[in-house]
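Read off the chains here:
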Amino acid sequence: AIGRMSCNPAIGGVAKGQLVREIDALGGLMGRAADVNGIHFRMLNSSRGAAVWGPRAQQDMDAYSVWMRTELEKTSIHLWEGEVVSLEKQGDKFRVGFSDGQFVSAAKVVVTTGTFARGKLFRGEEIWEGGRVGEAPAASISDALERFGLKLRRLKTGTPARLRRDTIDWSLSDEQAGDPNPWPFSSITKSVNNRISCHIVRTSEETHARLREGFARSPLFSGVITGTGPRYCPSIEDKVSRFSERDSHQLFLEPEGIGNDRVYVNGFSSSLPAEVQDAALRTIPALAKCEVIRYGYAVEYDAIEGTALHPTMEVRHVQGLYLAGQTCGTSGYEEAAAQGLVAGTNAALSAKGMGPFLLDRASSYLGVMLDDLTSMELVEPYRLFTSRAEHRLHLRHDNAEDRLTGICREIGLIDDLRWETHCSRLEYKNRLKKGLMETRIDPNSISSFLETRGESVPQTPVRLMELARRAHVELRDLVAHTNPLDEPVFDRLAILSLESEIRYEGFFKREERDIDRVKRMSGHAFPPGIDWLLAEGISVEARQALHQNQPLTVGQAARLPGVRPADVAVLLLRVHGV
C-alpha cells in the first residue's frame, strides 16, 4: 500500500503544488513520481501572478503506487510489512511490537497512521471499522499514543463515488484538456505529457432534491459522525445544506488512470446511503446511465493535537518519537509527504547526534505549515493555502530550489544529480540576467514585437532589462525573440523565476526586510533543558507560557500568547548572541 492514493487521484494544486516543488527541492520523491505517472497536467491560476500559480497533475493512481514502492526498493531502506500493535519506551529505546509477535528495537520512531487510527467508515446507516474500504483499522496504535500522554481527537474526511468510464455519456460534459505545454513538478524532469482529458458536469435542483431526501439518514446530520471534517473539502450533502441558495455545483470527472476504467467524481464526496447517491448521480445527464463501481463514504479517525509537537515533528515530551501526516491533523497527500520528509530527516539527524533541520515561514510553505500546525489550536483538518503565507510573493513554485536546495545539500538530502541541475539552472539565470542588463537593442528590430503586445516603441536603443519590466512583455517571448545569450539553451523555469524577480523587485525589497526579521526570530533553536520558570529578564507571564509550551525556536516562542516583543528581544540576545 506504499504510495496508495486513497482519495483524489491528483497531486498538487494551489499552495499544495508549491509544496510538492519544495519536497522535490529537498530531495523528496513525490515530484518525480507525479511527473512519471501524471496523465493530465494543469497550472492553476496561470492567468494571475506567478506567486499564486499552482501546478497540479492527475495521476495514474495504480502506477503511482507501484512506481513509489519500486523506487524505495532501490534504496538501502528495509521494508517490513505488518501491523504495529504496541509501542513503548524502555530506557533510551523504543520497543515496537507487531501482530505476528515480533518486536523491533529503535532509538527513533516515526508514526504515520493516516486515517487508520481507530478508523471507522460510514455510508448511510452502514457503519463498519476500517481505515479505507477493504482495509482494517489500527486500533492498538491509538492506545499506544494515549499511553504516551498524547491527547487524541476525532477528525473526519470522505471520498466520492467511482464510476465506470465507458458508462458515462462524455458528449454531455465539457472537456477540460491539460495545458498545451505543461510544467513538470521535479527540477530533474525535462518534460511531461498529457495523456487524457478531464471533464466537467454540474448538479441541478433535481440533484439537490434527491440528496435532501436522504438527509434524515445521513450520519453527518444525525450526529453519528462526531469528528470534524475539512472546511474546504465538504461533502456534497454539506454543500447543498450550507449553500441552499445555489441551484448548481460543479463536478469534475477525473480518470483514475490509463490502465483502469475508474472515474473519480470530484466534488461529490458523500456518506449518504448508496441508493441516495445513485439516484442523485443519475439526475446529471452525462451520468444518467452510469455504472457505479463504488459509492462514496466517510472516514472518522484519531489524530493528535499538533501543538504537542516541535516543528521537527518530534513529540515535545517524548524524546525520539516523531509523528507525521493525518496523524497530526492535516489533510492531503502533499501536507503528509512534507511532514514525513521533515520527521524522517530530523529523526536521522538526531540519531547521528546532529542539530535539528528547521524551516521558517519566510523560506517555505513547508515552514508555514509546520509553524501553524505546532503552534496553533486547530479545530478541523489543516489544509495549506497561499493565503496562510505572509511572504507568498517570495514562496513561488519557480524558485523552490533557490530557497531550499543549498540548505539541504549541506546535510546530505540532495544527491549529485539534483545539485548539478540546480547549479546549472542558477548559472543560466545569472548569465541571462547579466545579458538583459548589458544588451541594448535597436528600436527597429523590436518594434513589431512590442506593437503586437500593445507596448510603445522606444526612440533610441534600449536595454533588454527595461523591456523585461514592461507589463505586457513576457520574458520567455523576449528571450526567444532577441536571444541575448546567443545560444540554443532555453530553461523556462529559470526564465520564469527571473521574470518574477524583475516584475516584483520593489515588493521583494520590502518583503526581504520582513523576511530578515522573521529569520532572525525563527532560525535559532534554544539549547535543550532550559528551565523557563527560572529565566531572567522576561515577564512572569512569558515564563509561564514558555514553560507550558516548551518552544524549540525563538520564532515559535514569539507567537505564544503572553510573550511580548520585549521578551522576544531578550530571547534574541540570549540565543547565539543575536
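Please read these numbers as outputs of a predicted model, since none were measured by experiment.

J.: Please clarify how the nonpolar core should be interpreted in this entry.
T.: Burial of nonpolar side chains together is a common tendency in soluble globular proteins. The biggest cluster of nonpolar side chains holds 69 residues, and the ones touching the most others in it are Leu87, Leu321, Leu323 and Leu366. If near-sequence neighbours (up to four positions away) are discounted, Leu321 is found in contact with Leu87, Phe94, Val109, Val111, Phe148, Met313, Glu314 and Val315. Membership of the second largest hydrophobic core comes to 22 residues, among which are Ala161, Leu251, Leu281 and Cys290.

J.: It is not clear to me how the packing of helix 9 (residues 333-351) against helix 10 (residues 365-375) should be interpreted in this structure. Could you clarify?
T.: Axis angle and axis distance: for two packed helices, these are the angle between their axes and the distance between the axes, and together they describe the pair. Interhelical geometry of helix 9 versus helix 10 gives an angle of 85 degrees and a closest axis separation of 11 Å. Taken together, helix 9 and helix 10 sit at an angle that is classed as roughly perpendicular. Of helix 10, the residues touching helix 9 (which contributes Glu335, Ala338, Gln339 and Val342) are Leu366, Met369, Leu370 and Leu373. Residues belonging to the contact of helix 9 with helix 10 are distributed by class as follows: six nonpolar, one polar and one charged.

J.: What am I meant to see in the sheet that holds strand 1 (residues 10-12) here?
T.: Two modes of strand pairing occur in sheets, parallel and antiparallel, and in both the strands are linked by backbone hydrogen bonds. Reading across from one edge, 1-3-2 is the order of the three strands in this open sheet, with antiparallel pairing throughout. Two strands close off the open sheet at either side, each with one partner strand: strand 1 and strand 2 (38-44). Direction aside, the axes of adjacent strands within the sheet are offset by 20 degrees on average. Sheet topology places strand 2 next to strand 3 (residues 54-59); six bridges connect them, and they run antiparallel. Its bridge partner lying in strand 3, His40 is registered against Gln58. In the packing of helix 2 (residues 30-37) onto the sheet, the strands contacted are strand 1, strand 2 and strand 3, and the crossing angle to strand 2 comes to about 115 degrees.

J.: What is the right way to read the state of the cysteines from this model?
T.: Think of a disulfide as a covalent bridge from one cysteine sulfur atom to another cysteine sulfur atom. Considering all chains together, one arrives at zero disulfides under this definition. Cysteine Cys290 shares no disulfide, and the gap to the nearest cysteine sulfur, in Cys198, comes to 17 Å. The class for Cys290 is buried, based on a relative accessible area of 3%.

J.: Teacher, can you tell me more about the packing of aromatic side chains here?
T.: Taken as a whole and judged by the stated rule, the model has five aromatic pairs. Taken together, a centroid distance of 6.5 Å and an interplanar angle of 65 degrees make the contact between Trp53 and Trp183 edge-to-face. With a gap of 130 residues between them, Trp53 in the loop between strand 2 and strand 3 and Trp183 in the loop between strand 11 (174-176) and strand 12 (198-202) connect regions that are remote in the sequence. The pair formed by Trp53 and Trp183 is uniform in burial state, with each residue classed as buried. The interplanar angle of 80 degrees and the centroid separation of 4.9 Å between the aromatic rings of Phe526 and Trp532 together place this pair among those described as edge-to-face. Accessibility expressed as a relative area gives 9% for Phe526, which makes it buried. Arg95 extends its terminal NZ or CZ atom over the ring of Phe103, reaching a point 3.5 Å from the ring centre.

What counts, and where the lines are drawn
- Residues numbered from 1 in each chain as written.
- Predicted model: local features only at pLDDT ≥ 70, side-chain atom pairs only at ≥ 80, totals over all residues.
- Heavy atoms only, no water.
- Core = buried A, V, L, I, M, F, W, Y, C linked by side-chain atoms within 4.5 Å.
- Buried < 20%, exposed > 50% of the residue type's maximum accessible area, 1.4 Å probe, protein only.
- Contact = heavy atoms within 4.5 Å.
- Axes fitted to C-alpha atoms, helices over the stretch in contact; angles between N-to-C directions.
- Helix = DSSP H or I, 4+ residues; strand = E, 2+ residues; numbered from the N terminus.
- Parallel < 35°, antiparallel > 145°, perpendicular 65-115°, else oblique.
- Nonpolar A, V, L, I, M, F, W, Y, C, P; charged D, E, K, R; others polar.
- Pairing = 2+ DSSP bridges.
- Disulfide = S-S within 2.5 Å.
- Phe/Tyr/Trp six-rings, centres within 6.5 Å; stacked < 30°, edge-to-face > 60°.
- Lys NZ or Arg CZ within 6 Å of the ring centre and 35° of its normal.

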